[in-house]
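# Results of the structural survey
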Amino acid sequence: MRPDAVYDTNVIVSAVLKPGSIPASLVALAMKGSVRLFLSPDILEEYREVLKRPRFGFHPDTVAIFLRELEQTAIMVSPAKRVAHALDEADNRFLECAEEARANYLVTGNRKDFPFAEFAGAKIVSPAEFAALLLG
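Report follows, based on the coordinates.

Basis of the calculations
Residues numbered from 1 in each chain as written. Predicted model: local features only at pLDDT ≥ 70, side-chain atom pairs only at ≥ 80, totals over all residues. Heavy atoms only, no water. Salt bridge = Lys/Arg side-chain N within 4 Å of Asp/Glu carboxyl O. Buried < 20%, exposed > 50% of the residue type's maximum accessible area, 1.4 Å probe, protein only. Helix = DSSP H or I, 4+ residues; strand = E, 2+ residues; numbered from the N terminus. Arc of directions from axis to C-beta. Contact = heavy atoms within 4.5 Å. Pairing = 2+ DSSP bridges. Axes fitted to C-alpha atoms, helices over the stretch in contact; angles between N-to-C directions.

### With respect to the pattern of salt bridges
- Overall, the coordinates contain nine salt bridges when judged by the stated rule.
- Arg-53 is the partner of Glu-49 in a salt bridge, and the nearest nitrogen-oxygen pair spans 3.1 Å.
- Arg-93 is the partner of Glu-89 in a salt bridge, and the nearest nitrogen-oxygen pair spans 2.8 Å.
- Here the residues in one salt-bridge network are Asp-42, Arg-82, Glu-89, Arg-93 and Glu-96, joined through shared partners.

### Thoughts on helix H2 (residues 22–32)
- Of all the residues in H2, the buried ones are Pro-23, Ala-24, Leu-26, Val-27 and Ala-30. Taken end-on, H2 shows its buried residues confined to a sector of 160°, consistent with a single buried face.
- Where H2 is buried, its residues touch strand E1 (4–7), helix H1 (9–17), strand E2 (36–39), helix H4 (60–73), strand E4 (105–107) and helix H6 (127–135).
- The positive-phi residue at the C-terminal boundary of H2 is Gly-33, with phi of around 90°.

### Concerning the sheet that holds strand E5 (residues 118–119)
- Read from one edge to the other, the open sheet built from six strands follows the order E3-E2-E1-E4-E6-E5, with strand pairing classed as mixed. Because the sheet does not close on itself, it has two edges, and the strands there are strand E3 (75–76) and E5.
- Two elements, E2 and E3, share two bridges in a ladder whose sense is parallel. Across the sheet, the residue bridging to Leu-39 is Met-76, located in E3.
- Taken strand by strand, helix H5 (residues 92–101) contacts E1, E2, E4, E5 and strand E6 (122–125), and its axis lies near 165° from that of E1.

Everything listed here is a matter of coordinates, which is why it stays silent on function.
Below you can see the structure in the form of structure tokens.
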């Protein structure tokens, strides 16, 4: 059975910055369909906004192509309700997406932003933990 997951923005940025890294492998697995990746319009917009920041130096066309490919393979959901459980308000969008999708995992490189182990049935794990789970 393929795991259902939501990837925090830091996973996406790390994947693009560091080809061959664990986050890059996780994104590749999602693009191949080995992981069912869920997105919401708010998450996709955050990915876009962060990847376009000048400090990363990504070419706009590269960002557009990457996000288009990700969007084509991911499953888009529109969360029906807002939550306020994360320390940072913007991180609640990931919790909302995970809840709406009934995802098994929320993968984040910043566990401190989510000071709980699980939310609405989604385990909150680091990229390394998620990779270890996939390798079983």
